[in-house]
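Take a look at the letters that make up each chain.
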Amino acid sequence: MQVQVQDEKELAKEKAFQARIDAGEKIEPKDWMPERYRKQLIRMMSQHAHSEIVGMLPEGNWITRAPSLRRKAALLAKVQDEAGHGLYLYSAAETLGIEREELIYQLNSGKAKYSSIFNYPTLSWADIGAIGWLVDGAAIINQVALTKASYGPYARAMVRICKEESFHQRQGFEIMNTLASGTDAQKKMAQDALNRWWWPSLMMFGPPDDNSPNSADLMAWRVKSDSNDTLRQKFVDRVAPQAEFMGLRIPDDKLKFHPETESYTFGEIDWAEFNHVIRGNGPCNKQRMRARQKAHEEGAWVREAALAYASKQA
Ligand code: 3HC
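Just so it is clear, the structure is predicted and the values come from calculations on it, not from any experiment.

Peer 1: What exactly am I supposed to notice about the overall build of the chain here?
Peer 2: When helices and strands are tallied, the chain shows twelve helices and two strands. For the chain, the sequential pattern of α-helices and β-strands runs α-α-α-α-α-α-α-α-α-β-β-α-α-α. Taken over C-alpha atoms, the radius of gyration comes to 21 Å for the chain, in line with the 20 Å a tight globule of 314 residues would show. Buried residues in the chain amount to 48% of all 314 residues. In the chain, 76% of the contacts between residues at least 6 apart in sequence involve partners at least 24 apart.

Right, dumping it as structure tokens:
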């Protein structure tokens with residue numbers, strides 16, 4: 001009898017919770033929430049934070065080789081922003097009752113995912129343009145939708161992060177546009193970067209809707225307001241005209257504009273490649289993991305010093 005009363009109480013709480021979500025209310029850290037909601041948010045927000053931190057690696061690779069002081073300053077600022085986004089998102093995830101150390105352990109042990117896109121190499125300066133233009137462009141589409149997320153700390157973090165992403169996307173587009181209107185060699189470099197970053201950028205939005213196990217819950221709880229495929233379509237419709245403006249060719253023979261819908265249809269994404277990368281077998285997964293593990297080990301003395309100082313103050 002006791003268990004039945006307990007279940008009924010839980011059900012009533014879940015019903016009241018869903019009514020709050022449906023009314024468009026924000027859920028705050030101290031509010032009651034179903035354990036599944038909390039776990040889903042920890043998964044999504046921590047992987048988002050991991051992506052920001054790992055995302056610094058491919059771009060950091062070009063800071064010392066930027067072609068001008070202006071480009072170097074913009075890239076430095078961007079990489080520093082990404083670090084801040086990661087810390088911001090780790091702090092937002094901690095409001096759900098998980099320790100920062102646990103989150104870092106999950107990343108460095110390979111238990112947690114981070115965005116597939118950061119497992120590709122940056123082979124030329126044009127890659128830095130392609131990342132800003134395409135990867136941050138994709139992130140903006142995804143993250144603007146997340147500014148409406150039902151979990152307060154996540155939605156508020158997104159508002160702040162999206163402001164900085166716009167600068168990231170603009171500086172990337174400017175690099176690509178400068179190269180595309182430069183010498184033949186520069187235009188070739190820009191086209192090569194587009195060829196390598198286009199399809200992995202589409203994969204950033206996640207698997208197709210009919211193979212997205214988390215989306216149903218996340219959309220019912222208004223964490224995600226659009227599906228993976230809807231956001232991917234928004235990205236293609238926004239970026240394809242930009243490539244055309246720059247005189248760059250998107251590497252998809254099936255890409256076609258439909259004036260009646262003012263939208264593009266495009267070719268099949270290689271989901272085998274996507275799964276290969278998210279299972280840890282992409283071109284740079286091992287290198288990225290080693291870099292993060294090394295940084296954590298080398299940073300041990302800073303953590304020890306900070307803890308020693310804090311305990312002395314206590
Ligand atoms: N890379 C790695 N894993 C991915 C992925 C990707 N691009 N897309 C999906 N996955 C994983 C999911 O994590 C899930 O695995 P899990 O259950 O073990 O965590 C599985 O594939 C199935 O995918 P779902 O569609 O069911 O998962 P979600 O509903 O969580 O959707 C998502 C995936 C669209 C990435 C969503 O999690 C999301 O919007 N996350 C927040 C935004 C984010 O993380 N962006 C990453 C890039 S950050 C960035 O670009 C920073 C910028 O400054 C450069």
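Peer 1: Looking at this structure, I do not really get the site of the ligand. What am I missing?
Peer 2: Close to the ligand lie 33 residues; Arg 43, Glu 82, Lys 113, Ser 212 and Lys 224 are nearest. Contacts to the ligand include Ser 116, whose backbone N or O atom sits 2.8 Å from a nitrogen atom. For the shell around the ligand, the secondary-structure elements that each account for two or more residues are helix H2 (35-60), helix H5 (125-146), helix H6 (152-180), helix H8 (215-220) and helix H10 (271-281). No other element matches H2, which puts six residues into the shell around the ligand. Taken together, the residues that form the shell around the ligand break down as 15 nonpolar, eleven polar and seven charged.

Peer 1: So what exactly am I meant to see when it comes to the packing of H5 against H6 here?
Peer 2: The axes of two packed helices give the description: the angle between them and the distance between them. Direction vectors running N to C along H5 and H6 enclose 150°, while the axes themselves pass 7 Å from each other. Relative to H6, the element H5 is oriented roughly antiparallel. Here H5 and H6 pass one another in a crossing that is left-handed. Taken together, the residues of the contact of H5 with H6 break down into 18 nonpolar, nine polar and two charged.

Peer 1: Help me understand the packing of H6 against helix H7 (residues 184-203), please; the structure alone is not making it clear to me.
Peer 2: Look at H6 against H7: their axes get within 7 Å of each other, and the N-to-C directions meet at 135°. It follows that H6 is oblique to H7 by the angle criterion. On the side of H6, the interface is formed by Met 176, Leu 179 and Ala 180, while H7 contributes Gln 186, Lys 187, Met 189, Ala 190 and Leu 194. The class makeup of the residues in the contact of H6 with H7 is six nonpolar, one polar and one charged.

Peer 1: Would you take a moment to explain the side chain of Ser 150 for this structure?
Peer 2: Summarising the element assignment, Ser 150 is placed in the loop between H5 and H6. Relative accessible area serves as the criterion here: at 4%, Ser 150 is assigned to the buried category. Of note is the side chain of Ser 150, whose polar atom sits 2.8 Å from the side chain of Tyr 37. Ignoring anything within four residues of it in the chain, the contact list for Ser 150 reads Ile 21, Glu 25, Lys 26, Ile 27, Tyr 37, Trp 221, Arg 222 and Val 223.

Peer 1: Help me understand the side chain of Ser 116 in this model?
Peer 2: Mapped onto the elements of the fold, Ser 116 is located in the loop between helix H4 (100-108) and H5. Under the relative-accessibility criterion, Ser 116 is labelled buried at 6%.

Peer 1: I tried to follow the pattern of salt bridges on my own but got confused; where do I start?
Peer 2: Pairing of side chains with opposite charge becomes possible as their charged atoms draw close. Tallied over the full model, the rule gives 20 salt bridges. Between Arg 20 and Asp 31 there is a salt bridge, with the nearest N and O atoms lying 3.1 Å from each other. With a gap of eleven residues between them, Arg 20 in helix H1 (residues 2-22) and Asp 31 in the loop between H1 and H2 connect regions that are remote in the sequence. Taking the relative accessible area as the measure of exposure, Arg 20 reaches 25% and is therefore partly exposed. What makes Asp 31 partly exposed here is its relative accessible area of 24%. Across the pair Arg 156 and Glu 28 runs a salt bridge whose closest N-O atoms are separated by 2.7 Å. With Arg 156 in helix H6 and Glu 28 in the loop between H1 and H2, this residue pair connects regions lying 128 residues apart in the sequence. Residue classification places Arg 156 among the partly exposed positions, given a relative accessible area of 46%.

Quick notes on the rules
Residues numbered from 1 in each chain as written. Predicted model: local features only at pLDDT ≥ 70, side-chain atom pairs only at ≥ 80, totals over all residues. Heavy atoms only, no water. Helix = DSSP H or I, 4+ residues; strand = E, 2+ residues; numbered from the N terminus. Rg over C-alpha atoms; globule rule 2.2 N^0.38 Å. Buried < 20%, exposed > 50% of the residue type's maximum accessible area, 1.4 Å probe, protein only. Contact = heavy atoms within 4.5 Å. Near = heavy atom within 4 Å. Polar contact = N/O pair within 3.5 Å; in protein donor to acceptor, adjacent residues only side chain to side chain. Nonpolar A, V, L, I, M, F, W, Y, C, P; charged D, E, K, R; others polar. Axes fitted to C-alpha atoms, helices over the stretch in contact; angles between N-to-C directions. Parallel < 35°, antiparallel > 145°, perpendicular 65-115°, else oblique. Left-handed = near helix turned anticlockwise from the far one by under 90°. Salt bridge = Lys/Arg side-chain N within 4 Å of Asp/Glu carboxyl O.

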